[in-house]
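Letter by letter, the chains look like this.
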Amino acid sequence: MSVRMRHTRAHTGNRRSHHGLTAPRLSKCTNCSASHLRHRACSNCGMYRGKQVIDVVAKAEKKAAKKTSKASA
Ligand SMILES: [Zn+2]
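The present account deals with the structure reproduced in this document.

Here is what the cut-offs are and how they apply
Residues numbered from 1 in each chain as written. Predicted model: local features only at pLDDT ≥ 70, side-chain atom pairs only at ≥ 80, totals over all residues. Heavy atoms only, no water. Helix = DSSP H or I, 4+ residues; strand = E, 2+ residues; numbered from the N terminus. Polar contact = N/O pair within 3.5 Å; in protein donor to acceptor, adjacent residues only side chain to side chain. Contact = heavy atoms within 4.5 Å. Donors = N, O, S within 2.8 Å, 3.2 Å for Na, K, Ca; no water. Tetrahedral: all angles 85-135°; square planar, octahedral: opposite > 155°, others 65-115°. Buried < 20%, exposed > 50% of the residue type's maximum accessible area, 1.4 Å probe, protein only. Expected span 1.5 Å × (residues − 1).

## Let's talk about the side chain of H36
(1) Moving on: Its place among the elements puts H36 in strand β2 (residues 35–37).
(2) Moving on: There is a polar contact of 3.2 Å between the side chain of H36 and the backbone oxygen of R40.
(3) Moving on: If sequence neighbours within four positions are ignored, H36 has contacts with R25, L26, S27, K28, C29, A41 and C42.

## Observations regarding the coordination of the zinc ion
(1) Moving on: Note on the zinc ion: its protein donors are C29 (SG), C32 (SG), C42 (SG) and C45 (SG). The metal-donor distances range over 2.2 to 2.3 Å.
(2) Moving on: Classification of the site at the zinc ion as tetrahedral follows from its four donor atoms and the range of 105 to 116° in their angles at the metal.
(3) Moving on: Sequence spacing of the donors to the zinc ion: C-x2-C-x9-C-x2-C. Taken together, the residues C29 in the loop between β1 (26–28) and β2 and C42 in the loop between β2 and β3 (47–48) connect sequence positions 13 residues apart. In terms of burial, C29 and C42 fall into one category: buried.

## Description of helix α2 (residues 56–72)
Since there are 3.6 residues in each turn of an α-helix, residues three or four apart along the chain are aligned in direction.
(1) Moving on: Between its terminal C-alpha atoms α2 stretches 25 Å, which fits the 24 Å expected from 17 residues at 1.5 Å a residue.
(2) Moving on: Of all the 17 residues making up α2, zero are buried; the element is thus mostly uncovered.

Next up, the structure:
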């Protein structure tokens, strides 16, 4: 890198002023009032816009079965 290409600290700071991270947008589930990400199904009850889209019970059972099989092996 040649000296000609060097930026000032202010120049670098100005560029990095747009690099800040924003906190995820959360909303409250209408079914169980747990917080969940916008435009995503609730991970607590599996509901999205009043519809059941994830079978939470089956998913939990599957996870538990996997865990026990892993422990026994
Ligand atoms: Zn919910």
